[in-house]
Each structure stands twice: as C-alpha cells, then as structure tokens.
Amino acid sequence: MRDRPHAPQPDPSPFDDAPLVVAPVSRRTVTLGVSLLATAVLAAVALVVPTPYAMRSPGPTEDTLQRNLIQIEGARTYESTGELRLTTVSVLGGPGYPMLSGQVIQGWLDPKRSVLPVEAIFPEATTQEQQKELSQAEMVSSQESATAAALTELGYDVPAVLDVAGTEPGSGADGKLSEGDVIVEFQGEPVGTYADLIDGLAETNPGDDVTLGVRRGERTTDVDITTSGNGERAVLGVFIDPRYDFPVDVSIEIENIGGPSAGTMFALGIIDKLTAEDEANGKVIAGTGTMSPEGTVGPIGGIEQKLYGAVRDGAEWFLAPADNCAQVVGNVPAGLNVVKVATLAEARDAVEQIGRDEGGDLPTCS
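1. Thoughts on the sheet that holds strand S6 (residues 114–117)
In spatial order, the strands read S6-S2-S4-S16-S19-S20; together these six strands make up an open sheet with mixed pairing. The sheet is open, and its two borders are formed by S6 and strand S20 (337–341), each paired with just one other strand. The sheet shows a mean angle of 35 degrees between the axes of neighbouring strands, direction not considered. Note that strand S2 (residues 53–63) and S6 share four bridges and pair antiparallel. Considered in S6, the bridge of arginine 56 is made with serine 114. Relative to the sheet, helix H5 (residues 263–274) contacts strand S4 (83–92), strand S16 (284–287) and strand S19 (317–321), its axis offset from that of S4 by approximately 160 degrees.

2. Digging into the pairing of strand S8 (residues 182–186)
Looking at chain direction, strand S7 (residues 160–167) and S8 are connected through two bridges and run antiparallel. The partner of leucine 162 across the bridge, within S8, is isoleucine 183. Pairing geometry for S8 and strand S10 (residues 209–216), over four bridges, is antiparallel. Residue phenylalanine 186 lies in a different strand from S10, and its bridge partner there is leucine 212. Judged from the two bridges that link them, S8 and strand S9 (residues 189–190) form a sheet pairing that is antiparallel. Pairing of glutamate 185 across the sheet is with proline 190, part of S9. In sequence, S8 turns back onto S9 through a hairpin of two residues, with glutamine 187 there showing a positive phi of about 55 degrees.

3. Side note on the packing of helix H3 (residues 128–153) against helix H8 (residues 344–355)
Close contact between H3 and H8 brings their axes to 11 Å; oriented N to C, the two are set at 70 degrees. Judged on the interaxial angle alone, H8 and H3 are roughly perpendicular. Taken as a pair, H3 and H8 cross one another with a handedness that is right-handed. Mapping the contact onto sequence places Ala149, Ala150 and Glu153 in H3 and Leu344, Ala345 and Arg348 in H8. Residues belonging to the contact of H3 with H8 are distributed by class as follows: four nonpolar, no polar and two charged.

4. Notes on the environment of alanine 310
Secondary-structure assignment places alanine 310 in helix H6 (residues 303–312). Once the C-alpha coordinates of alanine 310 and arginine 85 are considered, the two residues, 225 residues apart in sequence, prove to be 7.8 Å apart. Setting aside residues up to four positions removed in sequence, alanine 310 forms contacts with Thr61, Thr87, Ala286, Ala315 and Phe318.

5. A short note on the state of the cysteines
If you walk through the whole model with that rule in mind, you get one disulfide. The disulfide partner of cysteine 325 is cysteine 365, and the gap between their sulfur atoms is 2.0 Å. Linking cysteine 325 and cysteine 365, the disulfide has an S-S dihedral of approximately -65 degrees and is accordingly described as left-handed. With a gap of 40 residues between them, cysteine 325 in helix H7 (residues 325–328) and cysteine 365 in the segment after H8 connect regions that are remote in the sequence. Pair check on accessibility: cysteine 325 and cysteine 365 agree, each one buried.

Cut-offs and rules
- Residues numbered from 1 in each chain as written.
- Predicted model: local features only at pLDDT ≥ 70, side-chain atom pairs only at ≥ 80, totals over all residues.
- Heavy atoms only, no water.
- Pairing = 2+ DSSP bridges.
- Helix = DSSP H or I, 4+ residues; strand = E, 2+ residues; numbered from the N terminus.
- Axes fitted to C-alpha atoms, helices over the stretch in contact; angles between N-to-C directions.
- Contact = heavy atoms within 4.5 Å.
- Parallel < 35°, antiparallel > 145°, perpendicular 65-115°, else oblique.
- Left-handed = near helix turned anticlockwise from the far one by under 90°.
- Nonpolar A, V, L, I, M, F, W, Y, C, P; charged D, E, K, R; others polar.
- Disulfide = S-S within 2.5 Å.
- Buried < 20%, exposed > 50% of the residue type's maximum accessible area, 1.4 Å probe, protein only.

This is the structure we're talking about:
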C-alpha cells in the first residue's frame with residue numbers, strides 16, 4: 001500500500017510557545033469608557049424627556065371650490081377651473097400631549113417647522129378637549145362671518161339680530177350694556193344688518209358720543225356711549241354675536257379642521273361659486289386670514305408653515321393678511337408669490353387679477 005501524501009504544514013511560529021501577556025487597563029481608560037457610556041445613556045434618555053414646547057408644521061390644504069365643500073341653495077351657482085385653497089397648520093404637543101426633547105431638536109433643525117412654548121399656542125389651563133371644542137366653535141363662527149361678508153360683498157342685504165355678548169372692560173360700553181341686550185338703532189337710525197352698524201361707525205370719529213337704541217326684554221331704551229379707537233376707526237367696546245337671516249342658504253362641510261383662519265378663503269369660495277366669472281381661471285391660489293362680517297381680513301398664527309404647505313400642494317400664489325407681513329418677510333418659499341390683503345374686496349380683486357395673468361403689480365409684503 002502506498003503512503004498517502006501529507007498536506008503541507010505551516011512553519012512553526014516563534015511565538016507559539018510564548019506566554020500570553022495582557023496589558024493592564026489604565027484608570028484613565030476606564031474612566032473615559034464609563035464617561036462615554038454614561039453620556040450616551042443620558043443623551044438617549046434626554047431624547048425622550050417631555051418638554052414644555054409645541055411644534056407647528058405645514059398642515060393639509062383644501063380647495064374651497066371642490067364640489068362638496070361649499071354647498072349653496074337658493075341661488076344659481078357656477079363652476080370654476082381654478083383652485084382656492086385654504087391652508088392649515090398641524091400642531092404637535094399641547095395640553096396632555098407633551099413633545100419629547102428629540103422631537104424639539106428635529107423641529108429646531110427644520111426651517112418648515114417652528115417650536116414655541118406651549119402657552120404661545122394654547123391658552124393656559126386648558127385641556128386638549130377644551131381646546132378642540134373652542135377650535136370647532138371658532139370654525140362655525142368663521143363660516144357664518146365668511147358667508148355674511150361674501151353675500152354683502154355681492155350686494156345682498158343680510159338681515160341680522162345684533163345680540164350683545166359682553167363689553168370690553170374700561171370701554172365706554174362697560175357697565176352700560178350687558179349680555180342679552182340687542183342693538184336695534186344707531187344714532188336714531190334702524191340697524192337691521194351688521195353692515196348698518198359698521199357703516200354708522202365708519203362716519204364716527206374715535207372719542208365721539210353715540211346713542212344706541214337697545215332692546216332689553218320688552219322695552220327699547222337709548223344708551224349713550226363714548227367711543228374709543230386707535231385714531232382711525234371708532235369702536236364701541238361691545239362684543240356682538242349676530243344671528244343672521246341669510247338670503248341664500250350656504251353650508252360648508254369640512255372635517256378635522258378647526259379655528260377661524262379659513263374665513264377669507266371660505267368667503268372667496270362663496271363669491272366664486274355665485275358669480276359667472278371664472279375668477280381663478282385655472283390658477284392655484286392659496287391663502288389664509290380670518291374674516292369679519294364687514295369684510296376685514298384678520299391676522300392668524302403659523303403663516304410660515306402655511307406658506308410651505310401651499311407650495312407643497314401646488315400653489316403659485318398666496319393671499320396673506322396685511323397684519324401678518326412681518327412673519328411673511330424672509331419666509332417665502334421659492335416659487336410662491338405672496339399678495340398682501342386687508343379686506344375681502346382686496347382679496348377678490350387679487351384673485352381676479354391673478355386669473356387674468358395680471359398679478360405682477362399686486363401689493364406684497366416687504
């Protein structure tokens with residue numbers, strides 16, 4: 001029998017028989033390792049620590065001209081080829097739902113988001129449920145005011161009962177009017193619409209005395225009030241909760257969105273549907289702003305995030321309340337044109353000019 005060949009063996013290492021020596025670990029090395037581990041653990045824990053902050057992010061947008069959002073009965077309506085998109089803000093954090101520190105850091109690093117103390121967004125001592133109820137009440141009031149403003153802008157008379165909800169402390173009305181009163185006259189003239197009262201005040205200088213006819217129960221009495229104001233417009237210092245008798249039946253169906261800031265876009269959507277002119281004419285126009293019954297566009301919060309949400313959803317134009325211009329400057333995303341508006345009439349005119357490709361000279365924030 002032949003011997004089987006042996007596989008070649010490696011040469012013996014001169015260290016095979018050498019004793020294994022383990023170098024001692026210095027105290028400094030141990031301390032450094034423990035410190036690094038402790039730092040990593042603390043950093044990980046810190047990322048999940050609740051914080052007193054809330055974060056605003058771009059929320060969804062909705063086209064007020066889509067088929068079912070604004071429904072109108074009692075008047076002819078018209079189709080539009082454009083979009084009038086209301087904008088929203090998504091909020092993370094708040095009462096009962098604190099943000100974690102890791103989320104706060106992410107928000108600080110993202111220019112599309114803003115991180116603020118909770119009390120800067122939510123009223124103090126309110127629960128999440130209370131805030132939700134308030135937001136929904138503001139949405140309902142916003143829809144009524146937008147309807148009143150839109151119909152008035154189109155020339156309709158909008159009858160209203162002007163209930164007094166309260167007075168501003170220290171104003172001329174403080175102590176003279178109270179909840180439950182109804183304003184029926186201004187300077188001896190009947191007040192049948194909210195516009196009647198506003199028109200009367202427009203002819204009054206701040207500091208002037210005016211006489212209101214007020215119904216209390218079964219009696220009507222005259223109440224003299226000294227107006228106040230900022231030098232441009234006289235105010236009564238009265239909180240009014242109008243009860244409207246709309247000549248056209250307008251209903252707005254929208255889910256999971258609250259607050260008053262969609263008023264301007266609601267009003268523009270109503271006007272567009274009730275007019276034969278195709279105002280937007282294929283353009284995608286976004287915007288925001290509260291809307292008062294007399295047609296004043298009011299400021300809102302989170303406009304920086306709304307600008308980013310508008311661009312994300314295809315808008316090239318954005319209608320911004322004039323009183324928000326300070327927050328707009330320096331925060332306009334590329335590709336978005338911002339138009340400054342202070343009244344519903346200005347906003348309507350802006351939409352019409354944009355639809356005619358004549359928006360280049362519209363006023364902007366600067």
